[in-house]
Amino acid sequence: MSGKTSKETNVSHSRLLPAAAVLCLFAGTANAETALFNISGYTSTDTGIQSFEALVFDDDGRIVATGTADVLGDYPDATRIDGGGRTVLPGLIDAHAHIVNYGLLQSQLNLVGSPSLDDAVDRIDAFAKDKPHTRWILGRGWNQVLWPVREFPRAADIDKVVADRPVWLRRIDGHAGWANSAAMQLAGINDGTPDPVGGKIIRDSDGRATGVFIDKAMSLIQAHVPATNKDEMRGAIRAATDALLAEGITSVHDAGISVMNAEVYMSMADDGELGMRIYAMTAGAGDVLDAIGKPIRGYGNDRLDIAAVKLYTDGALGSR
């Protein structure tokens, strides 16, 4: 290997190392460039797949060179990182995610992958016992399509294990919510509560509300859930980006953000705290779009774009 180095680092974790994740981890080192060598790198180009053995990026995290180990000779003062022969790929892009919700879920009840109603109820029970002082039990991820009996759950199912405080659990797609009786009572829901425009309260054959609320009907419960403030939102974004970067996801299309979410994103970008690229869509074409006014592109050293609108038209298949 040609060239001298003042600093060399060994990286010895998993065998797969997304290149953009490396940039996030090591950008901003003392030298102007950082060189990653001893790797099997692959990336796409206009002419096909390009392979490389070394990669050099600058202190802004931008790739300046790829090639064989000989390319290191052009950057003799670069900080060098031994990739240990691992595979290096471009960072992955998630084309539809909800960053704040994902971040909040790191400390809430996670029902993703629950194989049955009984399992979901067991998870609720365990979470409630583990957090006896939590005022509201919040969570997400249940999916009745995965259960042996593919029917929506009921408030009574939660009431068996948690009846003393409200429980509100959003379906995996975010288009339905499952409440217990305490949450329904707090929200003033009774059998005569009308379905709101754009939503539906699931009822049994006798017309009684069962505990599942679809789309706009979710707001009947959600309005009583303690609102997330800016500090909590900021923490949720940090938790989400840390978890995503660990999986090699370095850019996300955030599908539907609020005005406060946009403000927090811009503040974090200003402070250099936005750990990944965000391409955000406004949540509808109403107040949030009016507040932003025009597309925002390349904000905060190319970390943030708010340049699309998410429209809600006819619900979702899983929530019917």
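Note that the structure is predicted; figures quoted are calculated from it, not measured.

*Asks:* Account for the side chain of Thr282, naming residues and giving values.
*Replies:* Summarising the element assignment, Thr282 is placed in strand E16 (residues 277–283). Given the relative accessible area of 2%, Thr282 is considered buried. A polar side-chain atom of Thr282 sits 2.9 Å from the main-chain carbonyl oxygen of Gly284.

*Asks:* I'd like a description of helix H7 (residues 230–245), backed by residues and values.
*Replies:* Relative to the 22 Å expected for 16 residues at 1.5 Å per residue, H7 spans 22 Å between its end C-alpha atoms, a close match to the ideal helical length. Listing the buried residues of H7 in full gives Met233, Arg234, Ala236, Ile237, Ala240, Thr241, Leu244 and Leu245. Looking down the long axis of H7, one finds its buried residues gathered within 160° of arc, a one-sided arrangement. Exposed and facing more than 90 degrees away from the buried side of H7 are Asp231 and Asp242. Capping the start of H7, Asn229 holds a side-chain oxygen 3.1 Å from the backbone nitrogen of Asp231, two or three residues further along.

*Asks:* A description of the side chain of His175 should follow, citing residues and the corresponding values.
*Replies:* Residue placement: His175 occurs in the loop between strand E11 (167–171) and strand E12 (176–179). At 2.7 Å, the side chain of His175 and the side chain of Asp215 are in polar contact.

*Asks:* An account of the environment of Pro194 is needed here, citing residue identities and associated values.
*Replies:* Within the element layout of this structure, Pro194 appears in the loop between helix H5 (181–186) and strand E13 (199–203). What makes Pro194 exposed here is its relative accessible area of 60%. A C-alpha to C-alpha distance of 9.3 Å links Pro194 and Ala217, two positions 23 residues apart in sequence.

*Asks:* I'd like a rundown of the pattern of salt bridges, residues and numbers included.
*Replies:* Pairing is possible between side chains of opposite charge, provided their charged atoms come close. Evaluation of the coordinates by the stated rule reveals 13 salt bridges. Two residues, Asp173 and Arg171, come together in a salt bridge whose shortest N-O distance is 3.1 Å. By relative accessible area, which is 25% here, Asp173 ends up partly exposed. Here Arg171 falls in the buried class, since its relative accessible area comes to 3%. With a shortest N-O distance of 3.5 Å, Arg277 and Asp302 are connected by a salt bridge. In this pair, Arg277 sits in strand E16 while Asp302 sits in helix H10 (residues 299–302), placing the two residues 25 residues apart along the sequence. Classification of Arg277 as partly exposed rests on a relative accessible area of 37%. In this structure Asp302 comes out as partly exposed when scored by relative accessible area, which is 28%.

*Asks:* Could you give me a rundown of the sheet that holds strand E14 (residues 209–215), with the residues and numbers involved?
*Replies:* Strand order in the open sheet formed by six strands is E9-E10-E11-E12-E14-E13, with mixed pairing between adjacent strands. Strands with a single pairing partner mark the edges of an open sheet, and in this sheet they are strand E9 (109–110) and E13. Direction of pairing for E13 relative to E14: antiparallel, over a ladder of four bridges. Among the inter-strand pairings, Gly199 is bridged to a residue of E14, identified as Asp215.

*Asks:* Describe the pairing of strand E3 (residues 33–45), listing the residues and the values that go with them.
*Replies:* In this sheet, strand E4 (residues 48–58) lies alongside E3 in antiparallel orientation, the contact comprising ten bridges. Bridging across to E4, Thr43 finds its partner in Gln50. Linking E3 to E4, which pair antiparallel, is a turn of two residues. When E3 meets strand E6 (residues 79–82), the two strands line up parallel, connected through four bridges.

*Asks:* Break down the confidence of the model for the protein for me, citing the residues and quoting the values.
*Replies:* When pLDDT is averaged across the protein, the result is 89; 90% of the residues are at 70 or more. Counting contacts from residues 1–17, a segment whose pLDDT is below 50, to residues more than four positions away or on other chains yields 46 contacts. Residue range residues 19–30 is modelled with pLDDT below 50. Its contacts to residues more than four positions away, or to other chains, number 30 contacts.

Reading the values: the criteria
- Residues numbered from 1 in each chain as written.
- Predicted model: local features only at pLDDT ≥ 70, side-chain atom pairs only at ≥ 80, totals over all residues.
- Heavy atoms only, no water.
- Helix = DSSP H or I, 4+ residues; strand = E, 2+ residues; numbered from the N terminus.
- Buried < 20%, exposed > 50% of the residue type's maximum accessible area, 1.4 Å probe, protein only.
- Polar contact = N/O pair within 3.5 Å; in protein donor to acceptor, adjacent residues only side chain to side chain.
- Expected span 1.5 Å × (residues − 1).
- Arc of directions from axis to C-beta.
- Salt bridge = Lys/Arg side-chain N within 4 Å of Asp/Glu carboxyl O.
- Pairing = 2+ DSSP bridges.
- pLDDT = per-residue confidence, 0-100.
- Contact = heavy atoms within 4.5 Å.

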